[in-house]
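Architecture and fold: a report
Listed below are the residues making up each chain.
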Amino acid sequence: VQLQASGGGLVQAGGSLRLSCAASGRTFSRYFMGWFRQAPGKEREFVATINWSGGSTYYADSVKGRFTISRDNAKNTVYLQMNSLKPEDTAVYYCAAGFLSGRAYSIVPTAYGYWGQGTLVTVSS
């Protein structure tokens, strides 16, 4: 699976952005998907994850209620709708695809075998 993230940019605090992650291949629906982010000088952190069907999601506490992850298996695409953005949301955002037998999704980076190239989100105060 090859992943291509897009949609990042510069936005003022309180604004919104929607990130997209397009996947190649016909097995997209087999994978759970996740979004992670990495701010300058910090470690990569979990943001949100979604199971293969889109019926189950999980969010980091820092984004819960502001971000929404979704997927369209017909388009091989996963989305991250980000509302009420804060300066602390500034980071490079990565999408990832993973598969673990018996697991609907994961918040652990090592569970993901495929990663996109990242898209930069900058939130100004």
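Up top is the structure.
Residues numbered from 1 in each chain as written. Predicted model: local features only at pLDDT ≥ 70, side-chain atom pairs only at ≥ 80, totals over all residues. Heavy atoms only, no water.

1. Side note on the pairing of strand β4 (residues 32-38)
- Where burial is concerned, most of β4 is hidden: 6 out of the 7 residues are buried.
- With 7 bridges connecting them, β4 and strand β9 (residues 91-98) associate as antiparallel partners. Bridge assignment links M33 to a residue of β9, and that residue is A97.
- Pairing analysis gives 5 bridges linking β4 to strand β5 (residues 45-50), with the strands arranged antiparallel. In the strand pairing of β5, W35 is matched with A48.
- Connecting the antiparallel pair β4 and β5 is a turn made up of 6 residues, with G41 showing a positive phi of about 75°. (Buried < 20%, exposed > 50% of the residue type's maximum accessible area, 1.4 Å probe, protein only. Helix = DSSP H or I, 4+ residues; strand = E, 2+ residues; numbered from the N terminus. Pairing = 2+ DSSP bridges.)

2. Here's the deal with the side chain of S106
- On the secondary structure map, S106 appears in the loop between β9 and β10 (112-115).
- Since its relative accessible area comes to 4%, S106 is described here as buried.
- In terms of polar contacts, S106 uses its side chain to reach the backbone amide nitrogen of V108, at 3.1 Å.
- S106 has contacts with F32, F46, T49, A111 and Y112, leaving out every residue within four places of it along the chain. (Polar contact = N/O pair within 3.5 Å; in protein donor to acceptor, adjacent residues only side chain to side chain. Contact = heavy atoms within 4.5 Å.)

3. Brief notes about the state of the cysteines
- If you walk through the whole model with that rule in mind, you get 1 disulfide.
- Each sulfur of the disulfide joining C21 and C95 lies 2.1 Å from the other. Taking the sign of the torsion about the S-S bond as the criterion, the disulfide between C21 and C95, at about 60°, is right-handed. Residue C21 is located in strand β3 (residues 17-23), and its partner C95 is located in strand β9; the two are separated by 74 residues in the primary sequence. (Disulfide = S-S within 2.5 Å.)

4. Overview of the pattern of salt bridges
- Under the counting rule described, the total for this entry stands at 4 salt bridges.
- With its nearest N and O atoms 2.9 Å apart, the salt bridge here joins R37 to D89. Placement of R37 in strand β4 and of D89 in the loop between β8 (77-82) and β9 is noted, with a sequence separation of 52 residues between them.
- Assessed through its relative accessible area of 1%, D89 is described here as buried.
- The partner of D61 in a salt bridge is K64, and the shortest N-O contact between them spans 3.1 Å.
- On the basis of relative accessible area, K64 is assigned to the partly exposed category, the value being 46%.
- Members of the salt-bridge network, linked through shared partners, are R37, E45, R66 and D89. (Salt bridge = Lys/Arg side-chain N within 4 Å of Asp/Glu carboxyl O.)

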